[in-house]
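# Observations on chain architecture
As a plain string of letters, each chain reads:
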Amino acid sequence: MIDIRISRRLPGFTLDASFASDSGITALFGRSGSGKTTLINTISGLARPDDGAITVNGVCLFDRERGIDVAVQKRRIGYVFQDGRLFPHLTVRANLRYGYELIAAHERQIAFDKVVNLLGLEALLERRPANLSGGEKQRVAIGRALLASPRLLLMDEPLAALDQARKSEVLKYIARLHREISVPIVYVSHSVEEVVQLAETVVLMADGRVVASGPVAQVMGRTDLRARGAEFEGGTVIEVRMVAYDAAYEIGRAHV
């Protein structure tokens, strides 16, 4: 359960955001400049709110009135940035084990081999970042964050620097993580496609405010939000059930 009620004043911009979510993946969605990254920086502890409270899985990380402000390194929050930020002089294995070794053995919640398997990193372990594709680097960055046994994983537009093929590659791994591990994820994006594919709950932001939050299909289907400054691509979400698949059609296409 994530419960956020914070405000932060910056020159020319004020963040005043409140939402709660108990979903596996919660998407922060909105155009550039809406306050998404500022919000997750306050959750991680990289930025300090002026007021409010932050609670993750029953643990209070910040509460101005009660004088609580847990240090960044003690919050147990994983953070995946747009560019991966791997250590260039270390192999993939050493990058993955960096956070893993900082956690006492009895506190480790996720096994090293399980993360390697989930993210398909077996063949990459002895390589260095310079010899990885963009998608591979992001998968390693996600694995490194997970192996620090976080209580929450923050992802700040982790696919923004990738081409469409690499985006599709990494998306399937993030979806797999959601199904097989219990760490909640807050996923920042301004892509409708990513939000629809990954998230159960969406928090729609505009001008530093949360203008709507709830199940993805409900929020993304609202037509009144444009009038409140929440601009996003047109579209809708339709839930379907596949009842049959014509394999002959695919075989025919392959021979055209």
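Just above sits the structure.
Scope of this entry: the structure provided in the associated data block.

Definitions and limits used
Residues numbered from 1 in each chain as written. Predicted model: local features only at pLDDT ≥ 70, side-chain atom pairs only at ≥ 80, totals over all residues. Heavy atoms only, no water. Helix = DSSP H or I, 4+ residues; strand = E, 2+ residues; numbered from the N terminus. Buried < 20%, exposed > 50% of the residue type's maximum accessible area, 1.4 Å probe, protein only. Contact = heavy atoms within 4.5 Å. Pairing = 2+ DSSP bridges. Phe/Tyr/Trp six-rings, centres within 6.5 Å; stacked < 30°, edge-to-face > 60°. Lys NZ or Arg CZ within 6 Å of the ring centre and 35° of its normal. 1 Å grid on protein atoms, 1.4 Å probe; cavity = no way out; pocket = protein on both sides within 12 Å on 5 of 7 lines; lining within 4 Å. Points joined across faces, edges and corners; volume = space filled by probe spheres on them. Nonpolar A, V, L, I, M, F, W, Y, C, P; charged D, E, K, R; others polar. Core = buried A, V, L, I, M, F, W, Y, C linked by side-chain atoms within 4.5 Å.

### Considerations on the overall build of the protein
Regarding its fold elements, the protein presents 8 helices and 11 strands. Looking at the protein as a whole, 47% of its 256 residues are labelled buried. Of the contacts made within the protein by residues no fewer than 6 positions apart, 66% connect residues no fewer than 24 positions apart.

### Considering the pairing of strand β11 (residues 209-215)
Pairing geometry for strand β10 (residues 201-206) and β11, over 6 bridges, is antiparallel. Within β11, the position partnered with Ala 206 by the bridge is Arg 209.

### Remarks on the packing of aromatic side chains
This structure, assessed with the given rule, holds 3 aromatic pairs. Here Tyr 79 and Phe 81 contribute two aromatic rings whose centre-to-centre distance is 4.1 Å and whose plane-to-plane angle is 5°, an arrangement assigned as stacked. When its relative accessible area of 15% is taken as the criterion, Tyr 79 is described as buried. The ring of Phe 87 carries the charged tip of Arg 144 above its face, separated from the ring centre by 5.1 Å.

### Re the layout of surface pockets
Volume-wise, the largest pocket comes out at about 660 Å³. Looking at the largest pocket, it is lined by 22 residues, and the ones nearest its centre are Ile 77, Gly 78, Tyr 79, Ala 145 and Ala 148. Of all the elements in the fold, those that place two or more residues in the lining of the largest pocket are β7 (77-80), α2 (92-102) and α4 (134-146). Tallied by class, residues from the lining of the largest pocket come to 14 nonpolar, 5 polar and 3 charged. In this structure, the second largest pocket spans a volume of roughly 170 Å³. In terms of lining, the second largest pocket is formed by Asn 57, Arg 76, Gln 109, Ile 110, Lys 114, Ser 149, Pro 150, Arg 151, Ile 181, Ser 182, Val 183 and Pro 184. Residue classes in the lining of the second largest pocket are distributed as 5 nonpolar, 4 polar and 3 charged.

### Topic: unusual backbone geometry
Positioned with a positive phi, Arg 76 is a non-glycine residue whose angle comes to about 55°. Within the element layout of this structure, Arg 76 appears in the loop between β6 (68-69) and β7. A positive phi is found at Glu 157, a non-glycine position, where the angle reads about 45°. Positionally, Glu 157 belongs in the loop between β8 (152-156) and α5 (164-180).

### Here's the deal with the nonpolar core
Leu 96, Ile 142 and Tyr 187 are the most contacted members of the largest nonpolar core, which totals 50 residues. In terms of residue count, α5 provides more of this core than any other element does, 6 residues in total. Once you skip the residues sitting within four places of it in the chain, Ile 142 turns out to touch Val 80, Leu 119, Met 155, Val 170, Ile 174 and Leu 177. Counting residues in each nonpolar core, the second largest holds 22 residues, with Leu 28, Ile 77, Tyr 79 and Val 203 among its members.

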